[in-house]
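Here are the chains, one letter per residue:
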Amino acid sequence: MVELLTRNWWLVALRGALAVIFGIVTLAWPGMTLLALIFLWGFYALVDGISSIALGAAVRGHRWSNVLIGVVGVLAGLVAIMLPGETAVVLLVIIAVWAIVAGVVQVIAGFALRPAMPHAWFLVVTGALTLILGVVLLLNPGAGALALVTTIGVFALIWGVSLILMAFRLRGLRNNVVEGAA
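Quick summary incoming for the structure in this document.

Further remarks concern the overall build of the protein chain. Across its full length, the protein chain holds seven helices and zero strands. Along the protein chain, helices (α) and strands (β) appear in the sequence α-α-α-α-α-α-α when read from the amino end. Long-range pairs, those at least 24 residues apart, make up 80% of the contacts in the protein chain between residues at least 6 apart in sequence.

Okay, structure coming up:
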């Protein structure tokens, strides 16, 4: 599994870059309307979900974790895009549920990768941050739209940077894994 992940490190980096771009755009326009946030997040979740499914298709072994995160992301993105007139609380619940499921799956996958990849803590950290965000958003649905925008933007930046760091670690492991397989 590590060999396939190291070969496809760029997919992890792509997910990270998308998260960073999403975070920057979200923080740059904090006064955006809720409708714009719904579409922006919906398209982000859709693209992130598709890239996660692609990563799952490329990786053998623990592919279920990437595919599950991808399917939840695609479904959450489609719901957000198809129902843009819903309230901020509905968007908050969609994002919170997505974050909780994705966080749990990432933490489990991170612990599963620990024996094969010494720095799998990147995945555990991103999973824990995702899970914490989901729980906080679910427990505080009355938060204002600006607080939601800021929270999601900051989270996306942290998550994206964590994924990019993990991708570069995977790229660095590529030569070690290829040499070990030979």
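Overall, the coordinates contain eight aromatic pairs when judged by the stated rule. An angle of 85° between the planes, with centres 6.5 Å apart, marks the rings of Tyr44 and Trp159 as edge-to-face. Linking Tyr44 in helix H3 (residues 34–58) with Trp159 in helix H7 (residues 145–181), this pair joins segments that are 115 residues apart in sequence. For the pair Tyr44 and Trp159, a shared accessibility class is recorded, and that class is buried. Each ring, one from Trp98 and one from Trp159, has its centre 5.7 Å from the other, and the planes form 70°; the classification is edge-to-face. Of this pair, Trp98 sits in helix H5 (residues 88–113) while Trp159 sits in helix H7, and the two are 61 residues apart along the sequence. For the pair Trp98 and Trp159, a shared accessibility class is recorded, and that class is buried. Three or more aromatic residues joined by ring pairs make a cluster, and in this case those are Phe22, Trp41, Tyr44, Trp98, Phe155 and Trp159. Its end group placed over the ring of Trp9, Arg171 keeps NZ or CZ at 5.2 Å from the ring centre.

A few words now on the nonpolar core. Counting residues in each nonpolar core, the largest one holds 45 residues, and the members touching the most others are Trp41 and Trp98. Elements with a contribution of two residues or more to this core: helix H1 (2–7), helix H2 (9–28), H3, helix H4 (63–82), H5, helix H6 (121–139) and H7. With eleven residues, H7 is the single largest residue contributor to this core. Discounting chain neighbours no more than four positions away, the residues touching Trp98 are Trp41, Tyr44, Asp48, Ile69, Val72, Gly73, Ala76 and Trp159.

Compared with the 27 Å implied by 1.5 Å per residue over 19 residues, the 26 Å span of H6 between its first and last C-alpha is a close match. For H6, the full list of buried residues reads Phe122, Leu123, Val124, Thr126, Gly127, Thr130, Leu133, Gly134 and Leu137.

Glancing now at the pattern of salt bridges. Pairs can form between side chains of opposite charge whenever their charged atoms are close. Summed over the entire model, instances satisfying the criterion amount to one salt bridge. With a closest N to O distance of 3.1 Å, Arg15 and Asp48 form a salt bridge. In this pair, Arg15 is assigned in helix H2 and Asp48 in helix H3, connecting sequence segments 33 residues apart. We note that Arg15, like Asp48, is buried.

Among the structural elements, Ile158 can be located in helix H7. On a C-alpha basis, the gap between Ile158 and Gly23 in space is 8.7 Å, while along the polypeptide they are 135 residues apart.

On the secondary structure map, Val67 appears in helix H4. Taking the C-alpha atoms as reference points, Val67 and Ala54, separated by 13 residues in sequence, lie 7.9 Å from one another. In this structure Val67 touches Ser52, Ile53 and Gly56, once residues within four positions along its chain are discounted.

How each quantity is defined
- Residues numbered from 1 in each chain as written.
- Predicted model: local features only at pLDDT ≥ 70, side-chain atom pairs only at ≥ 80, totals over all residues.
- Heavy atoms only, no water.
- Helix = DSSP H or I, 4+ residues; strand = E, 2+ residues; numbered from the N terminus.
- Contact = heavy atoms within 4.5 Å.
- Phe/Tyr/Trp six-rings, centres within 6.5 Å; stacked < 30°, edge-to-face > 60°.
- Buried < 20%, exposed > 50% of the residue type's maximum accessible area, 1.4 Å probe, protein only.
- Lys NZ or Arg CZ within 6 Å of the ring centre and 35° of its normal.
- Core = buried A, V, L, I, M, F, W, Y, C linked by side-chain atoms within 4.5 Å.
- Expected span 1.5 Å × (residues − 1).
- Salt bridge = Lys/Arg side-chain N within 4 Å of Asp/Glu carboxyl O.

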